[in-house]
Amino acid sequence: MVTLTVTDVQKEKMVAIKMPHFQIVLLSLLLNGVLSSIIPENHDRRSQVKDLSDLEHQLKGGHNAEYDHEAFLGKEKAHEFDRLTPEQSKQRLGVLVDKIDSNNDGLVTEPEMVAWIKYIQRRYVTEDAKTQWANYELEGAASMSWDYYMERTYGSATDETEMNSETKLHFKEMKDRDYRRFKLADVDYDGKLTFTEYVNFLHPEDAPHMREVVVKETLDDLDKNKDGRISIDEYIVDMWPDMGKETEPEWVTTEREHFEKWRDLNKDGFLDSNEIQHWVMPDDYDHAIAESRHLIYEADSSKDGNLTKREILDHSDLFVGSQATDFGEAFKYSHDEF
Ligand SMILES: [Ca+2]
Ligand SMILES: [Ca+2]
Ligand SMILES: [Ca+2]
Ligand SMILES: [Ca+2]
């Protein structure tokens, strides 16, 4: 077994598809040597989710193209499609359509699209956890203990005696946050995470029993004045750090309206835990339905509520994107990977 230093492990994680907040922060600590800024946790997730939970908003066409591609293809495959020529891209999209049309009647219906999007989501989460599990050199291992996790994540390379007190404090916060997640993920209370438990540790947003930790972490990140709720300014500054320094762009004004209209359900001007949960983790099934309806609505030229392969290929930009600018990686890709 190759012994890696913690720094090497952390560097490997840079290429991982998705990293929990603490790893990103740890990287910036290790690489910069100073704690310059904290990267907002899972900001991409929240910004994706917020668009998706607004079905009405989506149907009006106010959607995020990148999100559509990721929902339809999976995060990793979405980027691979970006590297294909338009012809290659359409050819592979056609192969996908045959898979999505599970009863082979030539029409992709809403339930077929919903099943596909749920499958893609699940696959992404599992693949991501497999990559991380391998980074921890746990292939074949039954479980990971807390001590092993701590050693491999924070390790001895991070000599706390050399840290200033602010850095030390942030390390403590990161470890506390990990411990909270770890305990909640460890459903059989044996102090170790099986791979299945680890999947939920890494992607708590997909596991109902982990929801409270996602709400808590979101609140911790955004609630700057620590009054236990998120004000509209705390909400806005998280996505637009230049708040107060520049003239407000239109998308920020739109976000303010979203906060008032969709997020602050009881209209008291703040987001409480319940409202945060509704925001960052709307029901998974609703999610897949909303995205499916959006895709069908946009591509359904004949307006019969279903999609033919022709309709999907005619709207390939919607499903897989269109910028084939970098062909360098295209030929590494195996054609039967889907
Ligand atoms: Ca069908
Ligand atoms: Ca366990
Ligand atoms: Ca607050
Ligand atoms: Ca409220």
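Let me sum up the structure you'll find in this document. (Residues numbered from 1 in each chain as written. Chains lettered and ligands numbered in written order. Predicted model: local features only at pLDDT ≥ 70, side-chain atom pairs only at ≥ 80, totals over all residues. Heavy atoms only, no water.)

Comments concerning the coordination of the calcium ion (ligand 4)
Next, step 1: Coordination of the calcium ion (ligand 4) by the protein involves Asp-264 (OD), Asn-266 (OD1), Asp-268 (OD), Phe-270 (O), Glu-275 (OE) and Glu-275 (OE), with metal-donor separations of 2.2 to 2.5 Å.
Next, step 2: Its six donor atoms give the calcium ion (ligand 4) angles of 54 to 163° at the centre, a pattern that matches the irregular case.
Next, step 3: Positions of the donor residues of the calcium ion (ligand 4) along the chain correspond to the pattern D-x1-N-x1-D-x1-F-x4-E.
Next, step 4: Asp-268 sits in the partly exposed class, given a relative accessible area of 40%.
Next, step 5: Taking relative accessible area as the criterion, Phe-270 reaches 21% and is therefore assigned partly exposed. (Donors = N, O, S within 2.8 Å, 3.2 Å for Na, K, Ca; no water. Tetrahedral: all angles 85-135°; square planar, octahedral: opposite > 155°, others 65-115°. Buried < 20%, exposed > 50% of the residue type's maximum accessible area, 1.4 Å probe, protein only.)

Observations concerning the coordination of the calcium ion (ligand 2)
Next, step 1: With distances of 2.2 to 2.8 Å, the protein atoms coordinating the calcium ion (ligand 2) are Asp-186 (OD), Asp-188 (OD), Asp-190 (OD), Lys-192 (O), Glu-197 (OE) and Glu-197 (OE).
Next, step 2: For the calcium ion (ligand 2), the six donor atoms in the first shell make angles of 50 to 159° at the metal, so the coordination geometry reads as irregular.
Next, step 3: When the donor residues of the calcium ion (ligand 2) are listed from N- to C-terminus, their spacing reads D-x1-D-x1-D-x1-K-x4-E. Residue Asp-186 is found in the loop between helix H10 (165–185) and strand S2 (192–194), and its partner Glu-197 is found in helix H11 (residues 195–202); the two are separated by 11 residues along the sequence. For the pair Asp-186 and Glu-197, a shared accessibility class is recorded, and that class is buried. (Helix = DSSP H or I, 4+ residues; strand = E, 2+ residues; numbered from the N terminus.)

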